[in-house]
Each structure stands twice: as C-alpha cells, then as structure tokens.
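The residues making up each chain are set out below.
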Amino acid sequence: MKSKLVLFAVLATAAAPAFAAGDATKGEAVFKQCQTCHSAVDDAGNIVAGKGAKTGPNLYGVFGRQVGSYPGFKYGESIVAAGKTGLVWDEASFVDYVQDPSNHWKTVLGDKGAKSKMMFKVKNAAVAEDVYAYLVQFSPNAGAAAAPADPAAAAPADPAAPATTP
Ligand code: HEC
C-alpha cells in the first residue's frame, strides 16, 4: 500500500511541468517590490498587476516577448543588444536575470562591460521562480513551457501537432 502511494507521488511529480516549481501566491507578495517600478497592463489598458508604475517596462506578456522590446520604453544598451540576437524571455532566462540583471547580460553577451538599468535583485532562484509563477499568468503568449493553468484552455488538441508514436 505504502509503496503504491510512493509510486503515485513519484509519477505525479514527474508529470508536473517544470514551471510548477514556483508558488504564485508567494510570487505575488514578492512582486510588491517590483511594482515600485513595474506594472502589468493588458492590451485593453487594464492594470492587472502593480499600481501603474512605468519606471520599468510593462511586464504584461513579457514571457514569449523579445527581450528589451516593449514599444516606447527606453531600455539600456545591453538588453537591446541581447534582444537583437533573437532572445525571448522564458522561465530560465527570467530566473537568472532577476537574481542579478547586470551579471546576466555579462554572461549572455560575453561582454564584461554589459550592464542593466534595472537596479534590483531578488534573493535567490526560489524567490525568482515564485515571481515567475505569478507573472506568467499575465503572459498569454508564454508558450508551451508555460501552458495555461486552466485545463479548459488547454483542452482543444492542436490538429497540426505531430502524432506521438509510442
Ligand atoms: C528600481 C526599479 C525596478 C525594480 C524594483 C524592478 N525593476 Fe525590472 N526593470 C527596471 C528597469 C529600469 C528595466 C529596464 C532594464 C534595462 O533597460 O536594462 C527593467 C527590466 C525588467 C525586465 C525585462 C523586461 C523586458 O521588456 O525585456 C524584467 C523581466 C523585469 N525587469 C522584471 C522585474 C521583476 C520581476 C522585479 C521584481 C522582482 C523587478 N523587475 C524589479 C526597473 C526595476
């Protein structure tokens, strides 16, 4: 009996997508620190996260968006250079970035002089994962890796998807 339960737990863990690591509720609390500079404002102009601050770029739809590309925002050079290489925000890049934005561009661009205009760091990867879990809710184009938490939205099978041969 006990071993069955253990097996089930293992299977359930294996089936859970990687992005489930973060806790959106904790992430919402962390976002209070981000909202001094950032908001998430949807396409209709509704503020869905934060209080309307614009010191940092709009984080609505940031996952699946090209790095440093929110229209009208005056980004620093490094993030723009990185975006031009075709980088798009995803969980992994976000988690690394928010722990040390300037260092992130140094690594990504291989340029010791790279820096970020964002003067803020989260404490560790776990905190970053929590903020990710919160923010990804406001990124409708986050892509397969961040597929909807709402099973109904995930339901329609994509007819174009290649059949998986067992
Ligand atoms: C003190 C203000 C400030 C705070 C606090 C802050 N940011 Fe930023 N953020 C910025 C600025 C400014 C930029 C633009 C960076 C650049 O141009 O190099 C930015 C950029 C970003 C980007 C890149 C967006 C894009 O369009 O490419 C992400 C993602 C981001 N911030 C997330 C966060 C998160 C999550 C937090 C909280 C954990 C946070 N920021 C806290 C000011 C801030």
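What counts, and where the lines are drawn
- Residues numbered from 1 in each chain as written.
- Predicted model: local features only at pLDDT ≥ 70, side-chain atom pairs only at ≥ 80, totals over all residues.
- Helix = DSSP H or I, 4+ residues; strand = E, 2+ residues; numbered from the N terminus.
- Buried ≥ 20, exposed ≤ 12 C-beta atoms within 10 Å, placed from the backbone.
- Contact = placed C-beta atoms within 7 Å.
- Near = placed C-beta within 6 Å.
- Nonpolar A, V, L, I, M, F, W, Y, C, P; charged D, E, K, R; others polar.
- Core = buried A, V, L, I, M, F, W, Y, C linked by C-beta atoms within 7 Å.
- Arc of directions from axis to C-beta.

### Some remarks on the overall build of the chain
Logical step 1: Helix and strand content of the chain: seven helices and two strands.
Logical step 2: Counting from the amino terminus, helix and strand elements in the chain follow one another as α-α-β-β-α-α-α-α-α.
Logical step 3: Looking at the 166 residues of the chain, the share that counts as buried comes to 28%.
Logical step 4: Taking the intrachain contacts of the chain between residues at least 6 apart in sequence as the baseline, contacts between residues at least 24 apart amount to 53%.

### Concerning the site of the ligand
Logical step 1: Contacts to the ligand come from 25 residues, most closely from Cys34, Cys37, Gly56, Gly76 and Met118.
Logical step 2: Residue contributions to the shell around the ligand peak at three residues, all from helix 2 (residues 24-34).
Logical step 3: Each residue belonging to the shell around the ligand can be placed in one class, and the counts come to 16 nonpolar, eight polar and one charged.

### Examining the nonpolar core
Logical step 1: Ranked by size, the top nonpolar core spans 28 residues in total, and within it Phe94, Ala128, Val131, Tyr132 and Leu135 carry the most contacts.
Logical step 2: Listing elements by their share of this core, those giving two or more residues are helix 2, helix 3 (77-84), helix 4 (91-97) and helix 6 (125-135).

### Here we look at the environment of Val80
Logical step 1: Mapped onto the secondary structure, Val80 falls in helix 3.
Logical step 2: Looking at Val80, the number of C-beta atoms within 10 Å reads 13, which means it is partly exposed.
Logical step 3: A C-alpha to C-alpha distance of 9.5 Å links Val80 and Gln66, two positions 14 residues apart in sequence.
Logical step 4: The contacts of Val80, once residues within four sequence positions are left out, are Gly68 and Tyr75.

### Describing helix 5 (residues 101-109)
Logical step 1: Inspection of helix 5 places Pro101, His104 and Trp105 among the buried residues, and these make up the whole buried set. Buried positions in helix 5, seen along its axis, are confined to an arc of 95° and lie on one side of it.
Logical step 2: Elements that come into contact with the buried residues of helix 5 comprise helix 3 and helix 4.
Logical step 3: Count one or two residues on from helix 5 and you reach Gly110, which has phi positive near 60°.

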